[in-house]
Amino acid sequence: MSDIYEANGVFGQTNEVQQAYADTCAIKSQQIILNDFGIPVTEDELVQYSYEHGWYQGDDTGTLLPDIGNLLDDAGIHTTRLANANVFNLVNELMYA
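First things first, this report covers the structure right here in the doc. Residue indices follow the written sequence of each chain, beginning from 1 at its first position. With the structure being a predicted model, the display of local features is reserved for residues of pLDDT at least 70 and the display and counting of side-chain atom pairs for 80 or more, all residues being used for whole-chain, interface and lining totals. By convention in this description, side-chain values take in all heavy atoms of the structure and omit both hydrogens and water.

1. Overview of the pattern of salt bridges
Salt bridges, as used here, are contacts in which a Lys or Arg side-chain nitrogen is within 4 Å of a carboxyl oxygen on Asp or Glu. Under the counting rule described, the total for this entry stands at two salt bridges. Its salt-bridge partner being Arg 81, residue Asp 73 comes within 2.7 Å of it at the nearest N-O pair. Think of it in three bands: with a 1.4 Å probe and only protein chains considered, a residue is buried below 20% of the maximum accessible area for its type, exposed above 50%, and partly exposed in between. Given a relative accessible area of 40%, Arg 81 falls into the partly exposed group.

2. With respect to the packing of helix α1 (residues 25–36) against helix α2 (residues 43–52)
Two elements in contact, α1 and α2, have axes whose closest approach is 9 Å; the angle formed by their N-to-C orientations is 120°. On the basis of the axis angle, α1 is oblique to α2. Relative to α2, the crossing made by α1 is right-handed. The segment α1 lies against α2, with Ile 27, Lys 28, Gln 31 and Leu 34 engaging Glu 43, Leu 46, Val 47 and Ser 50. Angles here are taken between N-to-C directions and fall from 0 to 180 degrees, while the axes themselves are lines fitted to C-alpha atoms, restricted in helices to the stretch in contact. By definition, any uninterrupted DSSP run of H or I lasting at least four residues is a helix, any uninterrupted run of E lasting at least two residues is a strand, and each is numbered from the N terminus. When describing relative orientation, an angle under 35 degrees is termed roughly parallel and one over 145 degrees roughly antiparallel, while 65 to 115 degrees is termed roughly perpendicular and anything else oblique. The sense of a crossing depends on the near helix, which, turned anticlockwise from the far helix by less than a right angle, makes the crossing left-handed and, turned clockwise, makes it right-handed. By definition in these notes, contact holds between two residues if any of their heavy atoms fall within 4.5 Å.

3. Focus on the side chain of Ser 50
Along the chain, Ser 50 falls in helix α2. Judged by its relative accessible area of 2%, Ser 50 falls in the buried class. Setting aside residues up to four positions removed in sequence, Ser 50 forms contacts with Ile 27, Trp 55, Tyr 56 and Leu 71.

4. Looking at unusual backbone geometry
Unlike most non-glycine residues, Asp 60 shows phi in positive territory, near 70°. Secondary-structure assignment places Asp 60 in the loop between α2 and α3 (70–74). Taking relative accessible area as the criterion, Asp 60 reaches 66% and is therefore assigned exposed. Notably, Asn 84 is not glycine yet its phi reads approximately 60°, a positive angle. Tracing the backbone shows Asn 84 in the loop between α3 and α4 (87–95). Residue classification places Asn 84 among the exposed residues on the basis of a relative accessible area of 78%.

So, to be careful, I would describe these as geometric facts and stop short of saying anything about function.
Here it is in structure tokens:
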């Protein structure tokens, strides 16, 4: 994290996980997970990979729901996809992961 300074001292901190493009939130989220799993990959590399595989168009539409998680799957990280999931589904996944 980087400090944000005002004239009289530190005001707060910036979060370095901000996505570089307006429509890459799903890609950036997967990058954070991949990096946490020890896979050093950049957002730009994942944007290119997603574009080459048809999961990202670069036209401000972002990533379609069925394609979210494809980057993790291709990296060998198990994903679970549920329609109409809720916080209880998430808790269940985290408890038994």
